[in-house]
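If you want the building blocks of each chain, they are given just below.
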Amino acid sequence: METTENSISGDDSARPWQSYNTVYTNAKAGMEGVDKEKVQRVVYEMSKGSKYFQNEERKEAYMKQKVDSMKAQLAKLTPQDLSHHQTISDKRIVELEAARDLSRIWLHVDMDAFYAAVETLSNPSLKDKPMAVGGMSMIWTANYEARKFGVRAAMPGFIARKLCPELIFVPTDFKKYTYYSDLTRKVYEKYDPNFLAASLDEAYLDITNYCNDKGMTSGEVAEELRESVHKETGLTCSAGVAPNRLLAKVCSDINKPNGQFVLPNERVAVVTFISSLPIRKIGGIGKVTENILNGVFGITTCEEMLQKRSFISALFSRSSADFFLSVGLGIGRTDTPEVTQRKSMSNERTFSPTEDETLIHQKLVDLSENLSSDLNKEGLCGRTLTLKLKTTCFEVRTRAVTLPNSICSSEDILKHATKLLKAELPVSLRLIGLRMSHFNEGVAVDAKQKTLSNFIVTESNIHNNTSAIDIRDPSESCNSANTPQIPDLEAETSGSFDVKDTVVNDESIMSSINTKQAMFWLNDYECSVCGTELPPSFVEERQEHFDFHLAQSLQDEEKSSNRNPILKPKQRLIEKDEMRQSGPRKKQKASPSEGLCNKFHRRSRNHRHQCFCKYWCKILDRQICSVDRVGQTSKCAVDAALNNLHYISTILNIN
């Protein structure tokens, strides 16, 4: 016995590819006679040491960890626990059986090697030759001659070339594929006007009414449909007929290519068909789920899901357990889904790994144009743009921005996508994608809803609100009429504080005082102070430029005021009275904002921020003192002023 185990262990170490299973090693239609071990060995040897190989090892380790964790949970289940979950799953099976619907006839049609067939139709010289659509980086699909060598979709071209040295590569042409897809859909509409298009090359049709109206069997309708598609396009397709969509998709893959399979609408036939079916044949069960079901429970066929239903009910969520039980019973959706509002629209492209920023930007330009074209076709505009990146190490990153207004033009999409990409550069990429969501649904955005943009001074605010920006000394005289009043928070029923109104009032102080120097953009292009030219599109740069001049002005005024302090008459009288007083002088109480101001001074990164901080501290001091003069000082008022100071420091990025 030990000798046998050692022999098996020795074979595993000598043939590491046997345990290396990827999407490339899974069989598709037309790959039944392929030497699977040879394909595994070639894929292993060609991938070993690559970034993809390392990523697969990480995923394999994570999967093993998850399987071990679920095994540990399974070992902790007591007989009472299993009995409880057995009762729950039995009850659920009765409910699912009661909902079984055998009255509908669903047909799933799948074009045979669609992209490759279209290219062969356009270039008949490719017929009977191993050919793949794609390139050395990735294959979109392969014809049936190439599949005999183990070549399949989603496989890197250099591995496919190793498996089949005579393989011919043809570049993709999605305009051509879309054209032929539209031709097939015109045929589908004759049998079911509400057919469901799953992709360019497959669709689901409810042919119940057509069979009843024409007095035809489901097999006859499937045959007629396939002939119509071939007559209209010159392409072949395969069809599967079953009582629900889940089984119809499985059936369409049985007699590929250019064939069909009909599963009768009888419970016995369905249960018999599904019992011995491998779980990987079911749509929705991929590599990860297959490994978990097999590694934890030893499940390989759909029938075993029912046999081990108590374990499934114990370790999976209600929705997942229901799905597995439905698969074991051969129950799927039979209703026609209602047309719903599209939630998002995306576009992505895979390419050879590159760090060239020019090439990456060009890919982004192409994606922006494609996404804009797709949005315009359906009359959609979105507010949330998401950038998807896949690095050379197969790490997936996403960045998103939600805009105040909906966009759909390629220029706007590219503008915001470029900003998102800039935050990730430099980076080596192999995939870029763009997704638009939060579409306009005909409902206007509430104009009263405030966003962060309401509290930030932008170039548009500057031109719309004032003809010029006043740069002056905040320490100059300020009449009580111009002093902003802090809202009485105790009188507010909501207990909220409108920061925006306070900020606007503070700005009114600036415009109410005599202007020392006005700054604006001559001809919307040239700075009136220094003559620097900045285009209107440089919004952030213009704001920085304005900040610089304001800080410089505050600094100059502060120096001049320190050299020549001018006291007003009232201030002189106060000083004389203080000099006449005898005894120790009382220590003057510090301003509520002084501590924060000093803190911000220490932590600010440049003098411009210090000037801004000091300026806003003075304004807030006036607010508190003004309220104090009329006897309305309260903790709420002081807290409101300090909160405003915190808000201003956030705007200035003082960390």
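Residues numbered from 1 in each chain as written. Predicted model: local features only at pLDDT ≥ 70, side-chain atom pairs only at ≥ 80, totals over all residues. Heavy atoms only, no water.

Asks: Describe the confidence of the model for the chain, listing the residues and the values that go with them.
Replies: Put simply, the chain has an average pLDDT of 76, and 64% of its residues get 70 or more. Confidence drops under a pLDDT of 50 for residues 566-579, and excluding neighbours within four residues, the segment shows five contacts in the predicted structure. (pLDDT = per-residue confidence, 0-100. Contact = heavy atoms within 4.5 Å.)

Asks: Give me a nonpolar patch on the surface: which residues, what numbers.
Replies: A cluster of nonpolar side chains, contributed by Met 46, Met 136 and Phe 158, occupies part of the molecular surface with about 250 Å² of accessible area. If you trace the backbone, Met 46 turns up in helix H2 (residues 36-47). Residue classification places Met 46 among the partly exposed residues on the basis of a relative accessible area of 30%. (Patch = residues over 30% accessible without salt bridge, like charges linked within 9 Å, V, L, I, M, F, W, Y side chains within 5 Å. Areas by Shrake-Rupley, 256 points an atom, 1.4 Å probe, with all protein chains shown as cover. Salt bridge = Lys/Arg side-chain N within 4 Å of Asp/Glu carboxyl O. Helix = DSSP H or I, 4+ residues; strand = E, 2+ residues; numbered from the N terminus. Buried < 20%, exposed > 50% of the residue type's maximum accessible area, 1.4 Å probe, protein only.)

Asks: Now, about the environment of Ala 160: what can you tell me, with residues and values included?
Replies: Residue placement: Ala 160 occurs in helix H7 (residues 157-163). Each C-alpha atom, one on Ala 160 and one on Gly 150, is 7.8 Å from the other, the two residues being ten residues apart in sequence. Excluding anything up to four places from it in sequence, Ala 160 contacts Ile 139, Val 151, Met 155 and Leu 167.

Asks: Go over helix H11 (residues 245-252) with me, naming the residues and quoting the values.
Replies: Within an α-helix, residues lying three or four positions from one another point in the same direction, as the helix has 3.6 residues per turn. For H11, the buried fraction is high: seven of the eight residues fall into the buried class. Restricting attention to buried positions, one finds in H11 the residues Arg 245, Leu 246, Leu 247, Ala 248, Val 250, Cys 251 and Ser 252. Its side-chain oxygen at 3.2 Å from the backbone nitrogen of Leu 246, Asn 244 defines the N-terminal cap of H11. (Polar contact = N/O pair within 3.5 Å; in protein donor to acceptor, adjacent residues only side chain to side chain.)

Asks: Outline the pairing of strand S5 (residues 196-199), supporting the account with residue identities and numerical values.
Replies: Alignment of S5 against strand S6 (residues 202-206), held across three bridges, turns out to be antiparallel. Looking across to S6, one finds that Leu 196 is bridged to Tyr 204. Between S5 and S6, which pair antiparallel in sequence order, lie two residues. (Pairing = 2+ DSSP bridges.)

Asks: Residue-level account of the pairing of strand S10 (residues 382-391), with values.
Replies: Within S10, seven of the ten residues are buried, which leaves it mostly tucked inside the rest of the structure. Alignment of S10 against strand S11 (residues 396-407), held across eight bridges, turns out to be antiparallel. Bridging across to S11, Gly 382 finds its partner in Ile 407. Where S10 folds back on S11, the antiparallel hairpin that results is connected by four residues, among which Phe 394 adopts a positive phi of roughly 65°. In this sheet, strand S12 (residues 429-439) lies alongside S10 in antiparallel orientation, the contact comprising nine bridges.

Asks: Go over the sheet that holds strand S3 (residues 139-142) with me, naming the residues and quoting the values.
Replies: Sheet architecture is open: three strands sit in the order S3-S2-S4, paired in mixed fashion. If you trace the sheet from one side to the other, it starts and ends with S3 and strand S4 (168-170), each paired once. Across the sheet, the mean angle separating the axes of adjacent strands is 30° when strand polarity is ignored. Bridge count between strand S2 (residues 131-134) and S3: three bridges; the pairing is antiparallel. What sits directly across from Ala 132, in S3, is Ala 142. Each of S2, S3 and S4 touches helix H5 (residues 114-122); the most contacted strand, S2, lies at about 110° to it. (Axes fitted to C-alpha atoms, helices over the stretch in contact; angles between N-to-C directions.)

Asks: Talk me through the sheet that holds strand S9 (residues 344-354); I want residue IDs and the actual numbers.
Replies: Strand order in the open sheet formed by four strands is S9-S12-S10-S11, and the pairing between neighbours is antiparallel. Across the chains shown, the open sheet's two edge strands, defined by having one partner strand only, are S9 and S11. Going from strand to strand, the sheet's axes swing by 15° on average, the running direction of each strand aside. Contacts between helix H17 (residues 357-377) and the sheet are confined to S9, S10 and S12, with S9 contributing the most and set at about 160° to the helix.

Asks: Break down the packing of aromatic side chains for me, citing the residues and quoting the values.
Replies: Evaluated as defined, the whole model comprises 13 aromatic pairs. Both rings, one in Phe 114 and one in Tyr 115, keep their centres 5.8 Å apart while their planes meet at 50°; by these two values the pair is tilted. For the pair Phe 114 and Tyr 115, one class covers both residues: buried. Look at Tyr 188 and Phe 195: their rings are 5.6 Å apart centre to centre, the planes differ by 75°, and that puts the pair in the edge-to-face class. (Phe/Tyr/Trp six-rings, centres within 6.5 Å; stacked < 30°, edge-to-face > 60°.)

Asks: If you had to explain the packing of helix H8 (residues 174-191) against helix H10 (residues 218-233) to someone new, which residues and values would you point to?
Replies: Contact geometry of H8 with H10 gives a least axis separation of 10 Å together with a crossing angle of 145°. Between H8 and H10 the crossing geometry is right-handed. Listed contacts from H10 to Tyr 180, Leu 183, Thr 184, Val 187, Tyr 188 and Tyr 191 of H8 are Val 221, Glu 224, Leu 225, Ser 228, Val 229, Glu 232 and Thr 233. (Left-handed = near helix turned anticlockwise from the far one by under 90°.)

Asks: Describe the pattern of salt bridges, listing the residues and the values that go with them.
Replies: In the structure shown here, the tally under the stated rule is 24 salt bridges. As a salt-bridge pair, Asp 110 and Lys 256 come within 3.7 Å of each other at their nearest N and O atoms. Here Lys 256 lies in the loop between H11 and strand S8 (260-262) and Asp 110 lies in strand S1 (residues 106-111), a separation of 146 residues in the sequence. In this structure Asp 110 comes out as buried when scored by relative accessible area, which is 14%. Two residues, Arg 280 and Glu 290, come together in a salt bridge whose shortest N-O distance is 2.9 Å. With Arg 280 in the loop between helix H12 (267-275) and helix H13 (287-297) and Glu 290 in helix H13, the pair connects residues that are ten residues apart, well separated along the chain. We classify Arg 280 as partly exposed; its relative accessible area is 29%. Via salt bridges that share partners, Arg 92, Glu 95, Arg 318 and Asp 322 belong to a single interconnected network.

Asks: Can you break down H2 residue by residue, with the values?
Replies: Compared with the 16 Å implied by 1.5 Å per residue over twelve residues, the 16 Å span of H2 between its first and last C-alpha is a close match. Within the sequence span of H2, burial applies to Val 39, Gln 40, Val 42, Val 43, Tyr 44 and Ser 47. Elements in contact with the buried residues of H2: helix H3 (51-75) and H7. Looking one or two places after H2, you find Gly 49, whose phi comes out positive at around 90°. (Expected span 1.5 Å × (residues − 1).)

Asks: Describe in detail the side chain of Ser 238, supporting the description with residues and values.
Replies: Within the fold, Ser 238 resides in strand S7 (residues 237-242). Given a relative accessible area of 0%, Ser 238 falls into the buried group. Here Gly 259 takes part through its backbone nitrogen, which lies 3.4 Å from a polar atom of the side chain of Ser 238. Not counting residues within four places of it along the chain, the set of residues in contact with Ser 238 comprises His 108, Val 109, Asp 110, Asp 112, Ser 252, Asn 255, Lys 256, Pro 257, Asn 258 and Gly 259.

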